[in-house]
Amino acid sequence: NAGVTQTPKFQVLKTGQSMTLQCAQDMNHEYMSWYRQDPGMGLRLIHYSVGAGITDQGEVPNGYNVSRSTTEDFPLRLLSAAPSQTSVYFCASSRTGYGYTFGSGTRLTVV
Amino acid sequence: AQSVTQLGSHVSVSEGALVLLRCNYSSSVPPYLFWYVQYPNQGLQLLLKYTTGATLVKGINGFEAEFKKSETSFHLTKPSAHMSDAAEYFCAVRNQAGTALIFGKGTTLSVSS
């Protein structure tokens, strides 16, 4: 099925560990973005990309790295996880900015 | 810079009553506005969006929203609430570059019988 696929769905990390949240889309969308959702805070933009090789920071980029080597994939890296990064993470893609398709999310707990 | 304010973090209505969820935005360019719904432990589902053209936008599940430029508002309404409407609702505006969304903090809708 066409759409945005996020893996894993759930993850528990220890403080200081690193990991990569995967996001892939098969709709040939140029724009991709990462958000984190915290209670009472809505969704906040972490990083976004306008195409392969081009990324930029959003509202809350600290502690996260991204790269975009292909149109399809936009992984989010946590280099040294902290408890403050416990959250639900959503990836989204869009062709032209007229509509955004979201993945089902990754629930991350850092202990 | 773009921003969204959702008035009321929690709204409670009775089944059959009018639903009104408020959203005000700030945008340095003509806004593209969106409403999403999130059911417990699920992802985001698009309810409706405004890009250009008609200011009254109809969405899924009987919801609609009206874009009012003079009031910088995009309130979500439904004439008659159902129990199944209980969820969290997010208003969003496209960022200036058009590459991502800026969300409000969300409104939780409770529906009682």
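Our structure's up above, just so we're on the same page.
Please read these numbers as outputs of a predicted model, since none were measured by experiment.

Each value, and the rule that gives it
- Residues numbered from 1 in each chain as written.
- Chains lettered and ligands numbered in written order.
- Predicted model: local features only at pLDDT ≥ 70, side-chain atom pairs only at ≥ 80, totals over all residues.
- Heavy atoms only, no water.
- Helix = DSSP H or I, 4+ residues; strand = E, 2+ residues; numbered from the N terminus.
- Core = buried A, V, L, I, M, F, W, Y, C linked by side-chain atoms within 4.5 Å.
- Buried < 20%, exposed > 50% of the residue type's maximum accessible area, 1.4 Å probe, protein only.
- Contact = heavy atoms within 4.5 Å.
- Pairing = 2+ DSSP bridges.
- Axes fitted to C-alpha atoms, helices over the stretch in contact; angles between N-to-C directions.

### Describing unusual backbone geometry
Cis geometry is adopted by the peptide bond preceding Pro8 of chain A, which originates at Thr7 of chain A and carries an omega value of -5 degrees. Position of Pro8 of chain A relative to the elements: it lies in the loop between strand 1 (4–7) and strand 2 (10–13). For Asn41 of chain B, which is not glycine, the phi dihedral falls at a positive 60 degrees. As for its position among the elements, Asn41 of chain B is in the loop between strand 4 (33–38) and strand 5 (44–50).

### Quick notes on the nonpolar core
Counting 27 residues, the largest nonpolar core has Trp35, Leu47, Leu48, Phe74, Leu76 and Tyr89 of chain B as its most contacted members. Not counting residues up to four positions away in its chain, the partners in contact with Leu76 of chain B are Val19, Leu20, Leu21, Trp35, Leu47, Leu48, Phe63, Glu64, Ala65 and Tyr89 of chain B. If you look at the next biggest cluster of nonpolar residues, it comprises 20 residues, including Leu13, Trp34, Leu78 and Ala81 of chain A.

### Points about the sheet that holds strand 1 of chain A
Paired through their backbone hydrogen bonds, the strands of a sheet run either parallel or antiparallel. Residues and elements named next belong to chain A. Taken together, four strands build an open sheet; the order of strands is 1-3-8-7 and the sheet is antiparallel. Of all the strands in the sheet, just strand 1 and strand 7 (64–66) have a single pairing partner and so form its edges. When the angles between neighbouring strand axes are averaged without regard to direction, this sheet yields 20 degrees. Relative to strand 3 (residues 19–25), strand 1 runs antiparallel, the two being bridged by four bridges. Along strand 3, the bridge assignment pairs Thr7 with Gln22.

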